[in-house]
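# Structural overview for review
Letter by letter, the chains look like this.
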Amino acid sequence: MFIKGKGIVALLLSSLFVGGCQMSDEQSRKTKPLDQKPSEVAIEELPNARALQDEFTRDMIKSTKETEKGYYTLESKTGEYEMLFPAGGEIDGIGYTRKGESSEAFLAGILYNDKTEALLRIKYTNALFNDETGIGYAKELLTNSIGEDMEFDRIDGKGKVTYIAPFTMDEGLYGYAAYIHPDKGWGGVEIVYSGSCMDNPKSCGPEEEEFKKRAYKLISSVKF
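What this report covers is the structure whose coordinates are included nearby.

Cut-offs applied
- Residues numbered from 1 in each chain as written.
- Predicted model: local features only at pLDDT ≥ 70, side-chain atom pairs only at ≥ 80, totals over all residues.
- Heavy atoms only, no water.
- Helix = DSSP H or I, 4+ residues; strand = E, 2+ residues; numbered from the N terminus.
- Buried < 20%, exposed > 50% of the residue type's maximum accessible area, 1.4 Å probe, protein only.
- Contact = heavy atoms within 4.5 Å.
- Areas by Shrake-Rupley, 256 points an atom, 1.4 Å probe, with all protein chains shown as cover.
- Core = buried A, V, L, I, M, F, W, Y, C linked by side-chain atoms within 4.5 Å.
- Pairing = 2+ DSSP bridges.
- Lys, Arg positive; Asp, Glu negative; His and termini not counted.
- Salt bridge = Lys/Arg side-chain N within 4 Å of Asp/Glu carboxyl O.
- Polar contact = N/O pair within 3.5 Å; in protein donor to acceptor, adjacent residues only side chain to side chain.

## Some details on the overall build of the chain
Of regular secondary structure, the chain possesses six helices and ten strands. Of all 224 residues assigned to the chain, the portion counted as buried reaches 47%. For the chain, contacts bridging at least 24 residues in sequence account for 50% of all contacts bridging at least 6. Total accessible area on the chain is roughly 11,400 Å²; 50% of this is exposed by carbon and sulfur atoms.

Below is the structure:
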């Protein structure tokens, strides 16, 4: 959570990225192309991508083949949604939580080929009905978790509705927060995509437009 604990966020960022730089440097190098569930393929036969080399993360990846360059498809263990996931991403398996098909939450550290980093926070729940009251409550929860007022843009299309807003906090935290829900029924996905310049300003990046492009790419890829 981003409330009251920005130091905790910094710690999560650093811990999720430890040991991943070398693999990020090499993640574009691949072995023979495959089209299988990664968890069913021997490690030595897998593409050398961070998302596939980590045991917990690859268990949530749909196929060993990239969905598009630099991205795989992540399948929620709830079975309720899927989305793009960066090849340089790694999910924190220790912090992962799930209650059957009703809820799921996890953090992932992302290392891109240009050496920049990002933190991805995902939370799914089917507890809210997607009416005006439920959506309003979901946005309120998201706003409270960030700890600042946000102006959400609404994007409709492809059987879903997305509410997305940028945020900038002190101590170098910044990013995009979104709530995505299907057109009808219950449930939705809360996404927070963030970067940090707290420890080393030289590592900040990428440029604002590229950062936004990467955030929107993941957020807009959610499918129910």
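What follows continues from the structure just given.
## Some remarks on the nonpolar core
Core analysis: the largest hydrophobic core is formed by 36 residues, its most contacted members being Phe85, Phe106, Leu120, Ile122, Ile191, Tyr193 and Leu218. At the level of elements, α3 (50-53), β1 (71-75), β2 (82-86), β5 (103-111), β6 (117-129), β9 (173-182), β10 (186-196) and α6 (208-220) are the ones that each hand at least two residues to this core. Counting residues in each nonpolar core, the second largest holds 16 residues, with Leu142, Tyr163, Ala165 and Phe167 among its members.

## Remarks on the pairing of β2
Each regular strand carries side chains that alternate between the two faces of the sheet. Counting buried positions along β2 gives four out of five residues, so the element sits mostly inside the fold. As defined by bridge partners, β1 adjoins β2 across five bridges and the pair is classed as antiparallel. By the bridge assignment for β2, Tyr71 is matched with Pro86.

## Considering the side chain of Glu104
Along the chain, Glu104 turns up in strand β5. For the buried Glu104, no salt bridge exists, and the shortest N-O distance to an oppositely charged side chain is 5.1 Å, to Arg98. Engagement of the side chain of Glu104 in a polar contact is seen with the side chain of Tyr81, the distance being 2.5 Å. A distance of 2.4 Å separates a polar atom in the side chain of Glu104 from a polar atom in the side chain of Tyr96.

## Thoughts on the pairing of strand β8 (residues 160-168)
Taken across its nine residues, β8 has seven buried, putting it largely inside the fold. Examined bridge by bridge, strand β7 (residues 153-157) and β8 share five bridges and lie antiparallel to one another. Residue pairing across strands places Asp156 opposite Val161, the latter belonging to β8. Where β7 folds back onto β8 in an antiparallel hairpin, the turn is made up of two residues, including Lys158, whose phi is positive at roughly 60°. By the bridge criterion, nine bridges tie β8 to β9 in an arrangement that is antiparallel.

## Let's talk about the environment of Thr116
Considering the arrangement of structural elements, one finds Thr116 in the loop between β5 and β6. Distance from Thr116 to Ser196, taken between C-alpha atoms, is 10.0 Å for residues 80 residues apart in sequence. In this structure the side chain of Thr116 is engaged in a polar contact, spanning 2.6 Å, whose partner is the side chain of Asp114. Of note is the side chain of Thr116, whose polar atom sits 3.0 Å from the side chain of Arg214.

## Focus on the environment of Leu46
Among the secondary structure elements, Leu46 is positioned in the loop between α2 (21-26) and α3. Looking at Leu46, the relative accessible area reads 2%, which means it is buried. With 19 residues separating them in the primary sequence, Leu46 and Lys65 have C-alpha atoms 9.7 Å apart.

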